[in-house]
Structure formats: C-alpha cells, structure tokens
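# Report on the structure
Listed here are the chains, written in short residue letters.
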Amino acid sequence: MAVSPDALLDDLLAEAADIEAMIGPLDDTGIARPTPAAGWTIRDQVTHLAFFDEAATRAAVDPDGFRQAAAALVAGGMDFPDRVAAQHAGLGADEVRAWFARARTAFVTAFRGRDPRARLPWYGPDMSVASSVTARIMETWAHGQDIADTLGVTRPATDRLRHIAHLGVSTTAFSFRLNGREAPVAPIRVELRAPSGPLWTWGPADATDRVEGAALDFCLTVTQRRHVDDTGLVVTGPVAHEWIGLAQAFAGAPGPGRERTRA
C-alpha cells in the first residue's frame with residue numbers, strides 16, 4: 001500500500017486533532033480519569049504518545065542517541081511503557097496538552113520530506129520512515145480510542161483506518177513469534193469494508209482461512225481495544241482463529257487484550 005509520507009503525516013495530524021478535541025476541556029481531575037487500559041489514566045494515554053513521539057523524532061535526527069536511550073530504557077524491563085507513565089503521573093492537564101502538541105509538532109517537522117524508505121532504529125527491528133509514521137498513526141488512534149471510551153465519545157470511523165488495518169495484517173508473523181509460536185505457512189485472506197464503502201483486501205482470494213467484516217472492528221481487534229467476540233468480524237479456519245486471538249499491531253511485550261463483554 002503505497003502512500004506518500006506527507007499524506008501519512010497529514011493523517012497523523014488528523015488523528016492527533018481528535019485527541020486534542022477530546023482532552024481540551026479536561027481539568028486536572030478529568031485528565032486523571034481511569035481508562036479501559038488497566039492502571040492507565042487519560043493522562044497516561046497522552047503522555048505515552050508524547051514520550052514515544054519524541055523518541056521517534058530522536059530516532060530520525062539522532063539515531064545513535066536514540067539507540068543508547070532505548071537500550072537503557074529496555075534494560076529496566078519490558079514494562080517500560082508503564083514506567084514511562086508512572087514517571088509523568090504528576091503532570092497537570094495543561095502540561096499534558098502542551099507536551100502532546102509540542103512532541104507531535106516536532107515529529108511532523110522532523111519527518112516532512114524524508115525518504116520514506118530510509119531505515120530508522122526502534123525498540124526492536126529497524127523500520128522505514130513510512131512505517132514509523134504509520135506506527136504513530138496506529139498508536140494515536142488506539143490510545144485515542146481508550147480516551148473516547150472513557151469519555152463516552154463516539155469517533156466517526158474514517159478511511160484513515162486503512163493504515164491501521166494494513167499494519168494489523170503485516171504484523172501477523174510478528175504476533176505469532178511474540179507469543180512463542182511459529183508463524184503460519186497457510187495464507188490468510190482479510191476482507192474489510194471501508195468506512196466509505198469500498199472493500200479492502202489482503203491475501204489470496206482462495207485462502208480458506210479468512211477474516212471478514214468492518215474495518216473498524218478489525219482495527220479495534222488488532223490494537224487490542226476490543227475482544228474479537230465483541231465485534232462483528234467473521235473468522236473462518238483454524239489459522240485465522242489462532243491469529244485473531246493474539247493479533248497485535250503494536251510493538252513491545254504481548255498485550256493482555258480486552259476481556260469479552262458480550263454474553
């Protein structure tokens with residue numbers, strides 16, 4: 001899926017604007033409300049994004065400095081996202097909003113005009129510039145979903161979900177390996193209905209293992225914001241069932257996912 005870096009950055013800014021609109025009215029009490037992510041407040045969701053936006057910017061402008069900082073962070077354990085959240089738990093609402101805006105602006109400035117194929121270090125394998133921006137879109141949308149769920153906000157689904165869906169499909173083998181399982185040999189067909197109507201597809205049309213449904217449901221599942229049983233996804237075949245149960249579009253340790261709520 002070839003998308004220009006500038007278009008990716010514009011979509012990232014749109015996702016960030018959604019978060020800014022949701023957190024704009026919050027005071028210090030509101031920013032401390034617990035979210036569906038166990039142990040995380042709205043503040044934690046936003047400072048997580050700001051911290052890793054700054055980390056991604058450093059990976060682009062100072063790769064060696066990033067590698068040193070990343071190694072020190074990971075050396076303390078793979079729970080580093082929780083530790084980052086705890087380190088910034090004292091920030092007030094205005095400080096959180098200012099940091100998020102500052103970090104996102106710096107990221108976009110650093111990435112505008114870069115070769116989309118250039119490789120950058122990250123927490124794990126290096127990634128391309130285009131993949132780095134796509135990952136920030138996914139993270140921003142996913143953490144924004146936790147904020148929306150907390151505040152009772154329904155965000156209209158947009159075709160920006162294609163970036164997240166593509167990442168969800170392309171991390172299939174990663175999700176298996178992350179959970180100590182061999183990546184499947186059997187292909188999986190993914191057919192998703194875009195918010196605007198067209199059908200997005202991945203994998204061979206004749207594959208017997210399949211995942212079909214709305215793009216929003218798929219993105220909620222692969223970012224572990226919903227249990228698959230709480231969505232309308234139709235999953236067919238043993239490989240597809242195994243994958244969708246552990247799908248993870250984000251880096252780091254295996255995520256715990258969300259509990260099923262549908263009876």
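It should be noted that the structure appears before, not after, this text.
Residues numbered from 1 in each chain as written. Predicted model: local features only at pLDDT ≥ 70, side-chain atom pairs only at ≥ 80, totals over all residues. Heavy atoms only, no water.

### A short note on the side chain of Arg-210
Just so we agree on the cut-off: A helix here means a DSSP run of H or I that spans at least four residues, while a strand means a run of E at least two residues long, and both kinds are numbered starting from the N terminus. Under the rule applied, a polar contact is a pair of N or O atoms within 3.5 Å (in protein, one hydrogen donor and one hydrogen acceptor; residues adjacent in sequence only if both atoms are side-chain atoms). Contacts between residues were defined by any pair of non-hydrogen atoms, one from each residue, lying within 4.5 Å.
Relative to the assigned elements, Arg-210 resides in strand 5 (residues 209-214). Side chain to side chain, Arg-210 and Glu-191 meet in a polar contact 2.9 Å long. Those residues in contact with Arg-210 that lie beyond four places of it in its chain are Arg-189, Glu-191, Ala-205, Val-234, Val-235, Thr-236 and Ala-240.

### A short note on unusual backbone geometry
Let me state the cut-off plainly: Relative accessible area decides the class of each residue, using a 1.4 Å probe on protein chains only: under 20% of the type maximum gives buried, over 50% gives exposed, and in between gives partly exposed.
Unusually for a residue other than glycine, Gln-224 sits at a positive phi of about 60°. Within the secondary structure, Gln-224 sits in the loop between helix 10 (215-222) and strand 6 (234-236). Its relative accessible area of 10% is what places Gln-224 among the buried residues.

### Points about the pairing of strand 2 (residues 124-128)
Defined as follows: DSSP bridges decide pairing: two strands pair if at least two such bridges lie between them.
Two elements, strand 1 (residues 119-122) and strand 2, share 3 bridges in a ladder whose sense is antiparallel. Opposite Trp-122, over in strand 2, you have Gly-124 as the bridge partner.

### Let's talk about the packing of aromatic side chains
Two numbers describe a pair of aromatic rings. These are the distance of the centres and the angle of the planes. What counts here: Side-chain rings of Phe, Tyr and Trp (the six-membered ring for Trp) are treated as a pair once their centres are within 6.5 Å; stacked means planes under 30 degrees apart, edge-to-face means over 60, and tilted covers the remaining angles.
Overall, the coordinates contain 9 aromatic pairs when judged by the stated rule. Each ring, one from Phe-52 and one from Tyr-123, has its centre 5.6 Å from the other, and the planes form 80°; the classification is edge-to-face. Of this pair, Phe-52 sits in helix 3 (residues 42-61) while Tyr-123 sits in the loop between strand 1 and strand 2, placing them 71 residues apart in sequence. Neither residue differs from the other here; Phe-52 and Tyr-123 are each classed as buried. The interplanar angle of 55° and the centroid separation of 5.9 Å between the aromatic rings of Phe-218 and Trp-243 together place this pair among those described as tilted.

### Let's talk about the nonpolar core
Here is the rule we go by: Side-chain atoms within 4.5 Å link the members of a nonpolar core, which is a set of buried Ala, Val, Leu, Ile, Met, Phe, Trp, Tyr and Cys residues.
In this structure, Phe-111, Tyr-123, Val-190, Val-211, Phe-218 and Trp-243 are the most contacted members of the largest nonpolar core, which totals 56 residues. A per-element tally of this core places helix 7 (residues 129-151) first, with 6 residues. Leaving out residues up to four positions away in the same chain, Phe-218 has contacts with Ala-165, Gly-168, Val-169, Val-190, Leu-192, Val-211, Leu-233, Trp-243 and Ile-244. Counting residues in hydrophobic clusters, the runner-up holds 14 residues, among them Leu-26, Ile-31, Val-96 and Ala-148.

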